[in-house]
Each structure stands twice: as C-alpha cells, then as structure tokens.
Amino acid sequence: MNIDLIFDPLFRLPFLTGLLLAVWLPVLGLYLRLRGEWLAVLGMAQLASAGALGGAVLGLPAVVGGAGAGLLAALAKWGLKRPSDSAYAAMLLLGWAAAVAVMSNHPLAEQAAGAVFDGQLYFTGGGHLAASAAVLGIGVLVLVRAHRAMLRARVHPALGPPGAATRLAFDLVAGASVGVAILSLGVMASFALAFVPAWRAFATAPSWRSALWRAMAMGLTAYVVGFALALVLDQPFGPAGVAAVLAVAALAPPWRGLRGGASRRR
Amino acid sequence: MMPTGTVLLRAQGLSVGYDRPLLQGLDLQLVAGRVTTLLGPNGAGKSTVLRALTEPRLRLAGQLWQAPGLRLGHLAQAAEGQAELPLCGRELLALTGASADGLPPWLADCLDARLDRLSGGQLQYLRFWSIAAAPFDVLCLDEPGNNLDARGLAALRAWLHTPPAGQAVVLVTHDDSLVDAARQSVIRIPS
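- Chain A carries the name Metal ABC transporter permease in an unreviewed UniProt entry, which gives Denitromonas iodatirespirans as its organism.
- One UniProt comment on chain A, placed under Sequence similarities (unreviewed entry), says "Belongs to the ABC-3 integral membrane protein family."

**Describing the overall build of chain A**
- Scanning chain A for helices and strands turns up 10 helices and 0 strands.
- Secondary structure of chain A in N-to-C order comes out as α-α-α-α-α-α-α-α-α-α.
- Here the C-alpha radius of gyration of chain A, 18 Å, is about what a compact globule of 266 residues would show, namely 18 Å.
- The principal-axis extents of the C-alpha atoms in chain A amount to approximately 55 × 45 × 30 Å.
- Counting only residues that meet the buried cut, chain A has 49% of its 266 residues in that class.
- Accessible area for chain A stands at about 12000 Å²; split by element, carbon and sulfur atoms hold 68% of it.
- Side-chain charges of chain A comprise 19 positive and 8 negative groups, with the mean position of each set lying 26 Å from the other.

**Describing the nonpolar core**
- In this structure, A:L30, A:Y31, A:W208 and B:Y125 are the most contacted members of the largest nonpolar core, which totals 122 residues.
- Those residues in contact with A:L30 that sit more than four places away from it in its chain are A:A198, A:A201, A:F202, A:W208, A:A211, A:L212 and A:A215.
- Within the second largest apolar cluster, 27 residues are counted, among which are B:L8, B:L30, B:A44 and B:L70.

**What about the interface of chain A and chain B?**
- In this assembly, 25 residues from chain A lie in contact with 35 residues from chain B.
- In total, about 2400 Å² of surface goes out of reach between chain A and chain B, with carbon and sulfur atoms giving 55% of it.
- Counting every contact that joins chain A to chain B gives 0 salt bridges.
- Along the contact surface separating chain A from chain B lie 10 residue pairs in polar contact (both at pLDDT 80 or more).

**Looking at the sheet that holds strand β4 (residues 59–66) of chain B**
Residues and elements named next belong to chain B.
- With antiparallel pairing, the 3 strands of this open sheet are ordered in space as β2-β1-β4. The open sheet has two edge strands, β2 (21–31) and β4, and neither has a second partner. The sheet shows a mean angle of 5 degrees between the axes of neighbouring strands, taken without regard to direction.
- Pairing of strand β1 (residues 7–17) with β4, which is carried by 6 bridges, proceeds in the antiparallel orientation. By the bridge assignment, V16 is partnered in β4 with R59.

**Quick notes on the packing of aromatic side chains**
Residues and elements named next belong to chain A.
- Within the structure shown, the criterion is met by 16 aromatic pairs over all chains.
- Seen from their ring centres, F195 and W199 are 5.6 Å apart, and the 15 degrees between their planes marks the pair as stacked. Linking F195 with W199, this pair stays in helix α8 (residues 187–204), spanning 4 residues, or about one helical turn.
- Ring plane angle 50 degrees and centroid distance 5.8 Å describe the contact between Y223 and F227, whose orientation is recorded as tilted. Of this pair, Y223 and F227 both sit in helix α9 (residues 208–232), separated by 4 residues, roughly a single helical turn.
- For F227, a relative accessible area of 2% translates into the label buried.

**Some points on the side chain of B:T173**
- Along the polypeptide, B:T173 turns up in the loop between β7 (168–172) and α6 (176–181).
- The contact partners of B:T173, leaving out residues within four places of it in the chain, are B:T37, B:L38, B:L39, B:E143, B:L178 and B:V179.

**Section: helix α2 (residues 89–96) of chain B**
- Most of α2(B) sits inside the fold, with 6 of its 8 residues counted as buried.
- For α2(B), the complete set of buried residues consists of B:G89, B:E91, B:L92, B:L93, B:L95 and B:T96.
- Packed against the buried residues of α2(B) are α6 (126–155) and α9 of chain A together with α4 (120–132) of chain B.
- Phi turns positive one or two residues past the end of α2(B), at B:G97, with a value near 75 degrees.

**Re the sheet that holds strand β5 (residues 72–75) of chain B**
All names here are of chain B.
- Taken in spatial order, the 5 strands of this open sheet run β5-β6-β7-β3-β8, and their pairing is parallel. Both outer strands of the open sheet, β5 and β8 (185–188), are each paired with one neighbouring strand and no more. Neighbour-to-neighbour, the strand axes of the sheet open up by a mean angle of 15 degrees, direction not taken into account.
- Pairing of strand β3 (residues 35–39) with β8, which is carried by 4 bridges, proceeds in the parallel orientation. Within the sheet, the bridge partner assigned to T37 lies in β8 and is V186.
- This element, α4, spans β5 and β6 (138–142) of the sheet and lies at about 175 degrees to β5.

**Regarding helix α5 (residues 107–119) of chain A**
Residues and elements named next belong to chain A.
- With 13 residues, α5 ought to run about 18 Å at 1.5 Å a step, and its terminal C-alpha atoms sit 18 Å apart, in line with that.
- Roughly 25 degrees is the biggest bend found in α5, and it falls at A113.
- Inspection of α5 places A109, A113, V116 and G119 among the buried residues, and these make up the whole buried set.
- Tucked into the core, α5 has its buried residues touching α2 (38–57), α4 (85–105), α7 (164–185), α8 and α10 (237–251).

**Let's talk about the pairing of β1(B)**
All names here are of chain B.
- With 7 bridges connecting them, β1 and β2 associate as antiparallel partners. The partner of A11 across the bridge, within β2, is L28.
- Counting the residues in the hairpin turn of β1 and β2 gives 3 residues.

**Some thoughts on the packing of α4(A) against α5(A)**
All names here are of chain A.
- The contact between α4 and α5 brings their axes to 6 Å, and the two run at 135 degrees. If you check the angle between α4 and α5, you find them oblique. Of the residues in α5, those touching α4 at A99, V102, M103 and N105 are P107, A109, E110, A113 and F117.
- Within the contact of α4 with α5, the residues separate by chemical class into 7 nonpolar, 1 polar and 1 charged.

Cut-offs and rules
- Residues numbered from 1 in each chain as written.
- Chains lettered and ligands numbered in written order.
- Predicted model: local features only at pLDDT ≥ 70, side-chain atom pairs only at ≥ 80, totals over all residues.
- Heavy atoms only, no water.
- UniProt positions renumbered as here; feature names shortened; annotations may be inferred.
- Helix = DSSP H or I, 4+ residues; strand = E, 2+ residues; numbered from the N terminus.
- Rg over C-alpha atoms; globule rule 2.2 N^0.38 Å.
- Buried < 20%, exposed > 50% of the residue type's maximum accessible area, 1.4 Å probe, protein only.
- Areas by Shrake-Rupley, 256 points an atom, 1.4 Å probe, with all protein chains shown as cover.
- Lys, Arg positive; Asp, Glu negative; His and termini not counted.
- Charge placed at Lys NZ, Arg CZ, Asp CG, Glu CD.
- Core = buried A, V, L, I, M, F, W, Y, C linked by side-chain atoms within 4.5 Å.
- Contact = heavy atoms within 4.5 Å.
- Buried area = accessible area lost by both parts, 1.4 Å probe.
- Salt bridge = Lys/Arg side-chain N within 4 Å of Asp/Glu carboxyl O.
- Polar contact = N/O pair within 3.5 Å; in protein donor to acceptor, adjacent residues only side chain to side chain.
- Pairing = 2+ DSSP bridges.
- Axes fitted to C-alpha atoms, helices over the stretch in contact; angles between N-to-C directions.
- Phe/Tyr/Trp six-rings, centres within 6.5 Å; stacked < 30°, edge-to-face > 60°.
- Expected span 1.5 Å × (residues − 1).
- Bend = angle between axes of the 7 residues up to and from the residue.
- Parallel < 35°, antiparallel > 145°, perpendicular 65-115°, else oblique.
- Nonpolar A, V, L, I, M, F, W, Y, C, P; charged D, E, K, R; others polar.

This is how it looks when you write it as structure tokens:
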C-alpha cells in the first residue's frame, strides 16, 4: 500500500480525465432517467465496447474508436422503433456478445478489452482528457437548450415531445459520452456513475436544481474515493469506482421536508 | 395575447379518432375571452378532440384553421410523470413560463415542495395553473376539476367565470358546477 502514489504527477492527467467524467456522467444519468432510459446507458456502453474493440483491431486510436462506437450506439438507439427497457436489454446482450467474440479472436482486441472492462484509468492520456472535456462541453450546451423541453415532456406530455433535432443531439452526446467514458473508467464504473447518483437524487432531492447538485456531488465524491482506493490498493479503477459509488449513494443524507420532518407521501 | 372576440381557431366538419372515427362532423369556433365547453358521455371522443387540435394524426377528416403563430396549451386529464420526479412547484411553473401571481394562497405556500409530496388536489390545481397562467392563446382543459376539493373547485369556478381576456378556453368536464361557471358556449357531443 503506497499512499504517496495519490500525489504522483504521473496520475494527474488520468485524475483530471476521470474528474470531468465523474461530474458529467451523473448529470447525463439524471436526464436519461428523466426519459425513462437509464438502462440505455448500459446498452450503449456494451455496444460501444464492442465497437471500441473492433476499432482496436482496425488500428484506430482508442478514443476515436470508443467515441465513434458510442455515436453508432446512439444512432442504433435513435433508430429503435419502440424504445423500451427490453430494447436496451437487447442492445446490451448484442454488445456483450459482439465484444466477447472480437476479444476472443484477436490479440489486439484482448489487450483493449482490459481497458474497457477493468477500467484502466491510470493509463489514459491527453487524448482521453481532451475527449472528456469535449463531451462535457458539448453536453452542457445541448442540455442548456434541451433541459426545459425534456422536463416539460415528462410532466406535460400533451404539450408534445422535444423537437427531433433536440432528441437526436441529446442521444448523440449521450452515446459519445458513454463511448469516451468506458475507455477511461470501464463499462461498469461508467454505468454506475450514470445510474446510481441519478437514482439516489431522484428519490431524495427536493427540486431539479438540487438533484443536479446532489448527483454531481455524489459522483465527484465517489470518484475521488474510488481513485484513491484503487491506487493505494493497486487495483483497476472499475471495481473500486463501482464500490465507491454504491457506498457514497448509500451514505448520502436523505432529504427532509420543509417542516423538518420526513416528507409526506401521497 | 389576442384582443377579446378574436377568432383563434375554427374547425369545420372535423372527424377525430385513431384507426376509425370516434367523433364526426364537429364544428367548433374558439374565440379569445370565451370558454367553450364540450359535454358528452364517456367515450364520446371529447378528450380526443382536444388532442386532435395539436396532433394532426388524430384528425381524420374536416378542416382546421388556426390563427397564425397560435400557441396551444393542453392540460391532459391524467397527471402522469410526476411520481418519483425531483421537481418542485416553482420549477413546474417555470417550464411553461407560467407566473405564480394569482395563485390561491393555500397553493402559493406549496411551491417549494416536490410535486410527488403534494396532495392530489394540490397537484391538480398546480398543473392547471401551469397551463392557465402560461402564455398560451388557446387553453385545452381536460377535466381540470379532477381531485379538487371544495376550495379548489371554488377557485377553478372563479377562474372559469372570468377567464383571461386574450385567451380562448375549451373545457371538457362532467362537473355541472364548472359547466355553470363557464356557461358561455356549450357543445353537446352525442354518444
């Protein structure tokens, strides 16, 4: 166990990369949950992982392969005739089967699979940081424009869904984000950061604004704990990150009603 | 907002439905400052008429004219989507650009509470207000009295009695007290 590793300059770039994703994925997860699409993250992640491994076989840079595969996964989601949890589960199974098939038949893919499934954040470089910053920046721009329409479609569906361009832009950002995230954090740690803080914030936050802050705070705290834990224990980031996200979500304080007591439910 | 008396929407011989017509030959004219009430038994197609005003796929025949740039607000009958959603009343109003000015005092105190922590009546009146106080030209209100207690119904009757001058309202209800409050134009739809 070497605590000094946490402050080693060698890990600053990976730390920053993960930090951006740890703030962004919980926000993305909130909006996916709002649309009833939380399982889509895992479906897109598995499809993107298969695409990233295929990209490795073709000699593409990892970030390009991951983001490109994520975009293709988003287009696959966009093209679904009946989007549903069942369709996302089918995407998940298809992605997993394709990823394992590619990994089992090509040594280059086997190497890349380590990063995708274990979450080898400590081996990420400037390309991963730039890609993470890009999906965060573009994602925030898309949400600034789409936020109101997405929430309105949930509470007043009779007023109509967001425009087709808005929905496509959000799906593409979600796909690219997932594609970039799985190459840095791993498939399950990315899913955990997109799913768990949003799940907890939906249940505990008194308002949407509060939910955004809570989800980001949970993601950030869990990431820092997971990063330190993995380094100190010499483990891949994936499992340490997932454990940290679950622990932080379980320990997050519940919301209390305006009058100080537990809130009344209908 | 349009001047009172301006015709905002006109339907002639309108047939609405899904794979087959639920209702045929409806003539409807919505005028700023007036309430038009659709009456009829369950299943006659009243709610489908409201939906058809914004969803062309539900209009199977007839003609529909709308004033240029018309903004239609629609309060659906069922309150769906609020369960397990971290959204407070103030945020709900902001989503449609509705002002909280004029809200009954018993509801103004609840604006910072989550929607799924409100009573059924509080939620219903807030949903109604988020459409009624928003900058829409035509308000389609489908059973706005659902779940309201006596206090809520009284507030709704008062609003229907003197709706905003620039807005046309089309109301679907089975509540006689609301029909009486809004009795300006009534269209009876046969079963």
